[in-house]
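# Reading the structure
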Amino acid sequence: MIRVAGVILCGGQSRRMGRSKAWLPLGDETLLQRVVRLVREAAGPVVVVAPHGQSLPTLPADVRIVHDERNEAGPLEGLRVGLAALAEFHPTDGNSTERHSTERHSADGNPTDGTPAGAGSSFEAVFATACDTPLLCPGVIRLLAGELGEHWAAVPIDGAHFHPLTAVYRLAALPVIESLMARGESRLSALCDQPGVRAIPLERLRTVDPRLDTLLNINRPEEYAALMRR
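Residues numbered from 1 in each chain as written. Predicted model: local features only at pLDDT ≥ 70, side-chain atom pairs only at ≥ 80, totals over all residues. Heavy atoms only, no water.

What follows is about the state of the cysteines. Counting across every chain of the model gives zero disulfides. Looking at Cys 10, it has no disulfide partner, and the nearest cysteine sulfur is the one in Cys 131, 4.0 Å off. (Disulfide = S-S within 2.5 Å.)

In structure tokens, the structure reads:
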């Protein structure tokens, strides 16, 4: 089984929710804290991508926070920034220096300096998700990593609909993303139309996540209320 790192996107305006989804309470943690915890069960190091100026709850000290470099560029920009941040600390990159605007937070939430824990760790691919997937199953991360094979992406598919924010990507996806963005593209779905993507039927996911809870996104107040009841 290959080892994967993690990217969690916190972009978007949360207009339908009416408040920041990253801060939504869920038990004794926030939505983002929960997703970070679940991703860390199967992936590491982990990077969180957020717009400049967005407030985030306290995260573990070894989680990097990086920022979108292009305003209103969509989730493709978030994935690009996350992959680029991880590529800088990939073992094959040697002693590369940090180029992106980053923060690390200690246990008390104060920014700290230095190389993040997990830097230089060996990983072959990156699992990408969003901060609003509270029922994410770590087994899905492992399954997608195992399905990657020689492809540069393994992405669940439901009929003709891909789920690019529940997917595993090699760092080779970075130049593909940059090429798409140079043509003015911002949709993650455009990434799935490129050669080299392995489509994973949802039935494969059901072997580790029978209800496909990993694909549940919390976008509206009524969805959040239903999650709390559940």
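On we go.
Looking now at the nonpolar core. Among the nonpolar cores identified, the biggest contains 37 residues, and Ile 8, Leu 32, Val 48 and Leu 205 are the most heavily contacted of them. If you list the elements that add at least two residues to this core, you get β1 (4-9), α1 (31-40), β4 (46-50), β8 (125-130), α3 (138-147) and α6 (202-206). Grouped together as the second largest cluster of nonpolar side chains are 33 residues, Leu 79, Ile 177, Leu 191 and Val 197 included. (Core = buried A, V, L, I, M, F, W, Y, C linked by side-chain atoms within 4.5 Å. Buried < 20%, exposed > 50% of the residue type's maximum accessible area, 1.4 Å probe, protein only. Helix = DSSP H or I, 4+ residues; strand = E, 2+ residues; numbered from the N terminus.)

With that out of the way, let us pick up helix α4 (residues 173-182). All buried positions along α4 are accounted for by Ala 173, Leu 174, Ile 177, Leu 180 and Met 181. Taken down its axis, α4 places every buried residue within 125° of arc, on the same side. In this fold, the buried residues of α4 make contact with α2 (75-88), β11 (167-169) and α5 (188-192). Within two residues after α4, Gly 184 carries a phi angle of roughly 90°, on the positive side. (Arc of directions from axis to C-beta. Contact = heavy atoms within 4.5 Å.)

So, about α1. Those residues of α1 not exposed but buried are Leu 31, Leu 32, Val 35, Val 36, Leu 38 and Val 39. Down the axis of α1, the buried set is contained in an arc of 165°. They therefore lie on one face. Of the surrounding secondary structure, the elements contacted by the buried residues of α1 are β1, β2 (25-26), β3 (29-30), β4, β8 and α3.

We now examine the packing of α2 against α4. Two elements in contact, α2 and α4, have axes separated by 10 Å at closest approach and are oriented at 145°. In the crossing of α2 with α4, the sense of the turn from one axis to the other is left-handed. Contacts between α2 and α4 involve Leu 76, Glu 77, Leu 79, Arg 80, Leu 83 and Ala 84 from the former and Ala 173, Leu 174, Ile 177, Glu 178, Leu 180 and Met 181 from the latter. Residues belonging to the contact of α2 with α4 are distributed by class as follows: nine nonpolar, no polar and three charged. (Axes fitted to C-alpha atoms, helices over the stretch in contact; angles between N-to-C directions. Left-handed = near helix turned anticlockwise from the far one by under 90°. Nonpolar A, V, L, I, M, F, W, Y, C, P; charged D, E, K, R; others polar.)

For the rest of this paragraph, the subject is the environment of Asp 158. Looking at the element boundaries, Asp 158 is found in strand β9 (residues 153-158). Expressed as a C-alpha distance, the spacing of Asp 158 and Ile 200, which sit 42 residues apart in the sequence, is 8.6 Å.

Parts of the prediction with low pLDDT should not have their coordinates interpreted in detail. Looking at the protein as a whole, its pLDDT mean stands at 85, while 83% of the residues score no less than 70. Low pLDDT, under 50, characterises residues 92-120; the stretch is placed with 59 contacts to residues that sit more than four places away or in other chains. (pLDDT = per-residue confidence, 0-100.)

This brings us to the environment of Pro 57. Its place among the elements puts Pro 57 in the loop between β4 and β5 (64-67). Measuring from C-alpha to C-alpha, the distance between Pro 57 and Gln 33 comes to 7.2 Å, with 24 residues separating the pair along the chain. In this structure Pro 57 touches Ala 22, Trp 23, Thr 30, Leu 32 and Gln 33, once residues within four positions along its chain are discounted.

This next bit is on the pairing of β4. Of all five residues in β4, five are buried, a share of seventy percent or more. Of the two faces of β4, both are covered, the one formed by Val 46, Val 48 and Ala 50 as well as the one formed by Val 47 and Val 49. Where β1 lies against β4, four bridges are found, and the strand directions are parallel. Looking across to β4, one finds that Val 7 is bridged to Val 47. (Pairing = 2+ DSSP bridges.)

Attention now goes to the pattern of salt bridges. Taken as a whole, this structure holds twelve salt bridges when the rule is applied. For Lys 21, the salt bridge identified is with Asp 132, shortest N-O distance 2.8 Å. On the criterion of sequence distance, the pair formed by Lys 21 in the loop between β1 and β2 and Asp 132 in the loop between β8 and α3 is long-range, its members being 111 residues apart. Judged on exposure class, the residue Lys 21 and its partner Asp 132 are both buried. Between Arg 198 and Glu 147 there is a salt bridge, with the nearest N and O atoms lying 3.6 Å from each other. Linking Arg 198 in strand β12 (residues 197-201) with Glu 147 in helix α3, this pair joins segments that are 51 residues apart in sequence. Residue Arg 198 is classed as partly exposed on the basis of its relative accessible area of 32%. Through salt bridges with shared partners, one network takes in Glu 29, Arg 34 and Arg 37. (Salt bridge = Lys/Arg side-chain N within 4 Å of Asp/Glu carboxyl O.)

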